[in-house]
Amino acid sequence: WMRRFCLQPEGDTPSRKGMVDSILTGCIPVLFSPLQTKLWPWHIERWEDIAIAMDGVPSDIMGRLSQVSTDEIERLRTNMLAVLPRLSYSLPGKPRPEDALETTLAAILKLAQ
């Protein structure tokens, strides 16, 4: 069951490339800082819908994760599928609506108006 979850502790900063990589590979991110749930708001509106957020690092991480229900895992993975297009870039010559670049540009345009 552990392959369902990808632990994402903070490093020097709250963000880490592995957070996006885990979503793109279908692995549910496990976050350990409230700051991590504030990252990339244009692309991920609600981290609670796609990740497990813990308050710090519990002494029994494996025990806590083993208590996550199958229904909750399925809910998170379904929500991750909806976020995927906004986290990846289209291939050259094969544009795709709402990819990471289009999402970013749309958000900047909205701020500029």
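Just so it is clear, the structure is predicted and the values come from calculations on it, not from any experiment.

What counts as what
Residues numbered from 1 in each chain as written. Predicted model: local features only at pLDDT ≥ 70, side-chain atom pairs only at ≥ 80, totals over all residues. Heavy atoms only, no water. Helix = DSSP H or I, 4+ residues; strand = E, 2+ residues; numbered from the N terminus. Buried < 20%, exposed > 50% of the residue type's maximum accessible area, 1.4 Å probe, protein only. Lys, Arg positive; Asp, Glu negative; His and termini not counted. Salt bridge = Lys/Arg side-chain N within 4 Å of Asp/Glu carboxyl O. Polar contact = N/O pair within 3.5 Å; in protein donor to acceptor, adjacent residues only side chain to side chain. Contact = heavy atoms within 4.5 Å. Arc of directions from axis to C-beta. Core = buried A, V, L, I, M, F, W, Y, C linked by side-chain atoms within 4.5 Å. pLDDT = per-residue confidence, 0-100.

## Thoughts on the side chain of aspartate 99
For step 1, the next point in the chain: In this structure, aspartate 99 sits in the loop between helix H3 (70–87) and helix H4 (100–112).
For step 2, the next point in the chain: Notably, aspartate 99 is buried but unbridged: the nearest opposite-charge side chain belongs to arginine 96, and the N-O separation is 5.0 Å.
For step 3, the next point in the chain: Among the polar contacts listed, one links the side chain of aspartate 99 to the backbone nitrogen of serine 90, at a separation of 3.0 Å.
For step 4, the next point in the chain: Excluding anything up to four places from it in sequence, aspartate 99 contacts Pro85, Arg86, Ser88, Tyr89 and Ser90.

## Quick word on helix H1 (residues 17–24)
Helical geometry note: an α-helix holds 3.6 residues per turn, so side chains three or four residues apart project in the same direction.
For step 1, the next point in the chain: Considered for burial, the residues of H1 that qualify are Met19, Val20, Ser22 and Ile23. Around the axis of H1, the buried residues are gathered within 160 degrees of arc, so they sit on the same side.
For step 2, the next point in the chain: Its buried side turned inward, H1 meets strand S1 (5–8), strand S2 (28–31) and H3.
For step 3, the next point in the chain: Glycine 26, located one to two residues past H1, shows a positive phi value of around 85 degrees.

## Some points on the nonpolar core
For step 1, the next point in the chain: In this structure, Phe5, Trp47, Ile50 and Ile52 are the most contacted members of the largest nonpolar core, which totals 23 residues.
For step 2, the next point in the chain: Counting residues per element, this core draws most heavily on H3, at 5 residues.
For step 3, the next point in the chain: Other than its neighbours up to four places away in sequence, isoleucine 50 contacts Ile23, Ile28, Pro29, Ile44, Leu76, Asn79, Met80 and Val83.

## Structural notes on the confidence of the model for the protein
For step 1, the next point in the chain: Scored by pLDDT, the protein comes out at a mean of 92, with 98% of its residues at no less than 70.
For step 2, the next point in the chain: Of all secondary-structure elements in the protein, the lowest mean pLDDT belongs to helix H2 (residues 61–66), at 91, while S2 reaches the highest, 96.

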